[in-house]
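# Residue-level structural notes
Each chain is listed here by its residues.
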Amino acid sequence: MAEIIVMKAVNAENELYAAQVKEALDKRGILLINLLSSPGSGKTSLLEATLKEWGGKYRCAAIEGDLFTDEDARRLEKFGIQVVQLNTQGSCHLTANMIVKALEKLDLKDLEFLFVENVGNLVCPASFNLGEHKRVTLLSVTEGKDKIKKYPKAFYTADLLVLSKIDLLPMTDINLEDLKQDFFRVNPQAGFLSLSVKTGQGLSQWLEKLENWRRET
Ligand code: MG
Ligand code: ZN
């Protein structure tokens, strides 16, 4: 019982910051995408592929959530975009308060897309609204077929599921249709995309999705 009360209080505070983030970005027409997944599902690789494909077509920035390192931030800085590194010092998720602080470090003028790479973890990042317009959960085919059932919140709160490393599908025991069914059972409204940044399969659909979202908001 006590635990539930604490969680509620934390979430209520988080929601206030999330609203603050959303308001600041809406005012400037910036689309915020929150990327969620386990470690190693390809969040940074997907962002690299996105920035490479666009080649400066849109003004993008990224907020990188990591426990300690800044390696992913460095990977994205190579594309000439603004990157803020958030080191959580061991905390396993980002909160909206951290995003408020990161926004202070960014020049928001003329920005079109702001990507947040959450800490790699399928559990608690799902419980923290960062003020995002869209939440994208990545799942790589190498993670096995049980993740949607085991960590439902990361999947039912997503606007889009990106099934990554689809080129490796033949090496796994995943049945694509079964996996889709598992997903749509917990989240019938969301989108589903499979892609591989290695072969480029599905990338154009991903980019199209981002552009459509931007047009909608
Ligand atoms: Mg990463
Ligand atoms: Zn956490």
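Refer to the structure printed above.
Residues numbered from 1 in each chain as written. Chains lettered and ligands numbered in written order. Predicted model: local features only at pLDDT ≥ 70, side-chain atom pairs only at ≥ 80, totals over all residues. Heavy atoms only, no water.

### A short note on the packing of helix α2 (residues 43-54) against helix α8 (residues 203-216)
- Running from amino to carboxyl end, α2 crosses α8 at an angle of 80 degrees, the nearest separation of the two axes being 11 Å. With respect to α8, the element α2 is oriented roughly perpendicular. Mapping the contact onto sequence places Leu46, Ala49, Thr50, Glu53 and Trp54 in α2 and Leu203, Trp206, Leu207, Leu210 and Glu211 in α8.
- Classifying every residue of the contact of α2 with α8 gives 7 nonpolar, 1 polar and 2 charged. (Axes fitted to C-alpha atoms, helices over the stretch in contact; angles between N-to-C directions. Helix = DSSP H or I, 4+ residues; strand = E, 2+ residues; numbered from the N terminus. Parallel < 35°, antiparallel > 145°, perpendicular 65-115°, else oblique. Contact = heavy atoms within 4.5 Å. Nonpolar A, V, L, I, M, F, W, Y, C, P; charged D, E, K, R; others polar.)

### With respect to the coordination of the zinc ion (ligand 2)
- Looking at the zinc ion (ligand 2), the protein donor atoms are Cys92 (SG), His93 (ND1) and Cys124 (SG), and they sit 2.0 to 2.2 Å from it.
- On the accessibility criterion, His93 (13% relative accessible area) is buried.
- The class for Cys124 is buried, based on a relative accessible area of 18%. (Donors = N, O, S within 2.8 Å, 3.2 Å for Na, K, Ca; no water. Buried < 20%, exposed > 50% of the residue type's maximum accessible area, 1.4 Å probe, protein only.)

### Comments concerning the coordination of the magnesium ion (ligand 1)
- Within the first shell, the magnesium ion (ligand 1) binds the protein through Thr44 (OG1), Asp72 (OD) and Glu117 (OE), at distances of 2.0 to 2.1 Å.
- Sequence positions of the residues that donate to the magnesium ion (ligand 1) give the spacing T-x27-D-x44-E. Of the two residues, Thr44 is situated in helix α2 and Glu117 in strand β4 (residues 113-117); the sequence distance between them amounts to 73 residues. Comparing Thr44 with Glu117, the two get one shared label, buried.

### Overview of the nonpolar core
- Membership of the largest hydrophobic core comes to 28 residues, with the highest contact counts inside it found for Val136 and Trp206.
- When residues no more than four places from it in sequence are discounted, the contact partners of Trp206 are Leu35, Leu46, Thr50, Val136, Leu160, Val162, Leu193 and Leu195.
- With 21 residues, the next largest nonpolar core counts Val84, Leu86, Leu111 and Val116 among its residues. (Core = buried A, V, L, I, M, F, W, Y, C linked by side-chain atoms within 4.5 Å.)

### Here we look at helix α7 (residues 176-186)
- Those residues of α7 that fall on the buried side of the exposure criterion are Leu179, Asp182 and Phe183. Taken down its axis, α7 places every buried residue within 95 degrees of arc, on the same side.
- Among the structural elements, β5 (134-140), α5 (147-150), α6 (152-156), β6 (160-164) and β7 (191-194) are those in contact with the buried residues of α7. (Arc of directions from axis to C-beta.)

### Some remarks on unusual backbone geometry
- With a phi angle near 55 degrees, Gln89 is a residue other than glycine that sits in the positive phi range.
- Among the secondary structure elements, Gln89 is positioned in the loop between β3 (82-87) and α4 (96-104).
- Taking relative accessible area as the criterion, Gln89 reaches 60% and is therefore assigned exposed.
- Positive phi is not limited to glycine here, since Lys165 has a value of about 60 degrees.
- Relative to the assigned elements, Lys165 resides in the loop between β6 and α7.

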